[in-house]
Amino acid sequence: TTLSSVTNDFKLGFGSFVDKTLFPFSDELNTDYPCGHSRGEDTLIYGRGECEPAYDFKHRLSLTSDTEEFKAAIQRANISASYDHSEGLFDALMQSAVCTERIGWRDAEVARRLIVAITDDEYHFALDGKISGLLKRNTASCNLDNTGLYVEERVQDYPSSYQLKEAFSDNSIIPIFAVTADQVALYEGLAEILESAFVGTITDDLSNFETVIIERYQAVSTTVIPQPQPRLEPLMGIDVAIVPDCGSGVLRDPLVCTQITSLNPATYTVTFTVSSEACNRYPSGNASYEIAFVGFGRAMFELSFYCSCEPFCTPREEKSPTCSSNGALDCGACLCDDDFYGGKCDCPGDPPTSENICK
């Protein structure tokens, strides 16, 4: 009902995360009573269902337009627990971003891709896994089994924030962090690194959750965030100037336009200035430049430039009429015979001086 008030074309999916099933992140031995701290404690009951064994990330429902199926998937998910306060959010975000077919992401050219992460705690990140002996760097690849469980969580380290940034950019995904007030500062800092993320504050009882999602969705749909060269190396010898015109919207930061509308869209003027250094880096005279507009697609520029005048040259023409038949036409310029000078070799005698100029 909430989403229907802002769009009638949407799909919903669902996944949940806890943390790696290795000590000290969770108790890998205590799978029967994961919400307790010993086998002597009874399994804790949280509202409905029992506390299920700990896991890192579990993809539970691919994107669907069936809202009843979405609600049922949430109802079937029981709570679980880990030891430390930080969670395996980064593993969940990475798998949700890169498992394109499994999640069921629609074409980014026709649909806006959003991940809403709901949490009241901190997150683990790259190198934290070394505490449990995980020395393998996160591969930023899809590793879900047939049940939707992330199977590399005991092998690979957590991804870094910059790996997530690349994964979100590559797959045109916008994360929305719905977090409690005590975590807002942390996730706002993460959003600055990711560049494309939005943060909303939820209450402990989630009573304002729908309002937060609507507000953040409206912010996403009215904000243009350019990401120049998100994965390509910076251009060498080519200066790029990007000038935004936010129309009736508001310019935030150097390039970001907010509060745009369909009647008053934002426009960007891109200017390329090529120096001689570019010819050393791109001897073919060709280079590519990309700007990703988060949630709005991408713009690719194919640049062609000449590093010499040769492409303009026709074969050398001796005694060319263009040169008054007194010189050769070479690459658009007249090379005069002896005893002639001038732009068209039409001046006889020696080159001009201040006292002898051919008129």
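Please refer to the structure higher up on the page.
Quick caveat, the model's predicted, so the values are computed rather than measured.

Each value, and the rule that gives it
Residues numbered from 1 in each chain as written. Predicted model: local features only at pLDDT ≥ 70, side-chain atom pairs only at ≥ 80, totals over all residues. Heavy atoms only, no water. Helix = DSSP H or I, 4+ residues; strand = E, 2+ residues; numbered from the N terminus. Buried < 20%, exposed > 50% of the residue type's maximum accessible area, 1.4 Å probe, protein only. Contact = heavy atoms within 4.5 Å. Phe/Tyr/Trp six-rings, centres within 6.5 Å; stacked < 30°, edge-to-face > 60°. Lys NZ or Arg CZ within 6 Å of the ring centre and 35° of its normal. Core = buried A, V, L, I, M, F, W, Y, C linked by side-chain atoms within 4.5 Å. Right-handed = clockwise from strand over helix to strand, strands pointing away. Pairing = 2+ DSSP bridges.

Peer 1: Describe the overall build of the chain, and please don't skip the residues or the numbers.
Peer 2: Counting secondary structure elements, the chain contains 7 helices and 16 strands. Burial analysis of the chain (359 residues in total) assigns 40% to the buried set. Taking all contacts inside the chain whose residues are at least 6 apart in sequence as the whole, residues at least 24 apart take part in 63%.

Peer 1: Can you break down the packing of aromatic side chains residue by residue, with the values?
Peer 2: If you walk through the whole model with that rule in mind, you get 10 aromatic pairs. On the numbers, 5.3 Å between centres and 70° between planes, the contact of Tyr123 with Tyr187 is edge-to-face. Residue Tyr123 is located in the loop between β3 (113–119) and α4 (161–170), and its partner Tyr187 is located in helix α5 (residues 184–194); the two are separated by 64 residues in the primary sequence. Of the two residues, Tyr123 and Tyr187, both sit in the buried class. Feature note: the residues Phe90, Tyr123, Phe125, Phe177 and Tyr187 constitute an aromatic cluster, connected by ring pairs. One cation-aromatic arrangement involves Lys58 over Tyr55; the distance from NZ or CZ to the ring centre is 4.7 Å.

Peer 1: Describe the nonpolar core, naming the residues involved and giving the relevant values.
Peer 2: Of all hydrophobic cores here, the largest spans 28 residues; its most connected members are Leu89, Leu93, Phe168, Phe177 and Tyr187. Where this core is concerned, the elements lending two or more residues are α2 (89–98), β3, α4, β4 (173–180) and α5. Residue contributions to this core peak at 6 residues, all from α2. In contact with Phe168, other than residues within four places in its own chain, are Leu93, Ala97, Ile115, Ile173, Pro175, Leu194 and Ser196.

Peer 1: Got a sec to walk through the pairing of β4? Specific residues and values, please.
Peer 2: In terms of residue burial, β4 counts as a mostly covered element, since 8 of its 8 residues are buried. One crossover worth recording links β3 to the parallel β4 by way of α4, and it is right-handed. In this structure, β4 lies alongside strand β5 (residues 198–202), joined through 5 bridges in parallel fashion. If you follow Ile176 over to β5, its bridge partner there is Phe198. Taken together, β4, α5 and β5 form a β-α-β motif whose crossover is right-handed.

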